[in-house]
Amino acid sequence: MNIGIIEPKSSGFLEVMPEGEGSDYWQIAAVHINGKAFCPSPKLYRSEQAALRVAAKIYDWIAEHEHQISDGASYCSDLKLSLWH
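Definitions and cut-offs
Residues numbered from 1 in each chain as written. Predicted model: local features only at pLDDT ≥ 70, side-chain atom pairs only at ≥ 80, totals over all residues. Heavy atoms only, no water. Core = buried A, V, L, I, M, F, W, Y, C linked by side-chain atoms within 4.5 Å. Buried < 20%, exposed > 50% of the residue type's maximum accessible area, 1.4 Å probe, protein only. Helix = DSSP H or I, 4+ residues; strand = E, 2+ residues; numbered from the N terminus. Contact = heavy atoms within 4.5 Å. Pairing = 2+ DSSP bridges.

Draft legend 1. Up close: the nonpolar core. Counting 21 residues, the largest nonpolar core has Leu14, Ile28, Val31, Ile58 and Ile62 as its most contacted members. Mapped onto this core, the elements with two or more residues apiece are strand E2 (12–18), strand E3 (26–33), helix H1 (48–65) and strand E6 (81–84). Per-element tally for this core: the top contributor is H1, with nine residues. Not counting residues up to four positions away in its chain, the partners in contact with isoleucine 28 are Glu15, Val16, Pro40, Tyr45, Ala51, Val54, Ala55 and Ile58.

Okay, here's the thing in structure tokens:
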């Protein structure tokens with residue numbers, strides 16, 4: 001059984017998981033920061049490390065723009081993806 005990975009970050013953590021049993025593709029389940037969870041628009045990555053790299057970029061973007069993010073959806077133009085809070 002293949003389980004997800006949680007990687008700690010300064011004020012939260014990154015959560016990635018495989019697409020499915022036996023899959024080589026990974027997706028970002030959520031980015032957690034300051035007690036809030038943000039889910040990016042679905043996208044598959046070719047490896048766990050690729051998904052974690054993008055999740056870290058999302059985390060950094062949220063940390064810089066958290067004051068602009070409202071409840072619901074926000075668009076991250078730098079990474080061209082939507083985030084749901």
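The rest of the description comes next.
Draft legend 2. Summary view of the pairing of strand E1 (residues 5–9). Relative to E2, E1 runs antiparallel, the two being bridged by five bridges. For proline 8, the partnering residue across the bridge sits in E2 and is phenylalanine 13.

Draft legend 3. Spatial organisation of the environment of leucine 52. By the secondary structure assignment, leucine 52 is in helix H1. Given a relative accessible area of 4%, leucine 52 falls into the buried group. Separated by 36 residues in sequence, leucine 52 and valine 16 place their C-alpha atoms 6.8 Å apart. What leucine 52 contacts, discounting residues up to four positions off in sequence, is Ile5, Glu7, Leu14 and Val16.

Draft legend 4. Layout of unusual backbone geometry. In this structure, asparagine 34 takes a positive phi of about 50° despite not being glycine. Structurally, asparagine 34 can be placed in the loop between E3 and strand E4 (36–40).

Draft legend 5. Representation of the environment of isoleucine 69. Within the secondary structure, isoleucine 69 is located in the loop between H1 and strand E5 (73–76). Residue isoleucine 69 is classed as buried on the basis of its relative accessible area of 16%. Beyond its immediate chain neighbours, meaning those up to four positions away, isoleucine 69 contacts Phe38, Trp61, Ile62 and Ser74.

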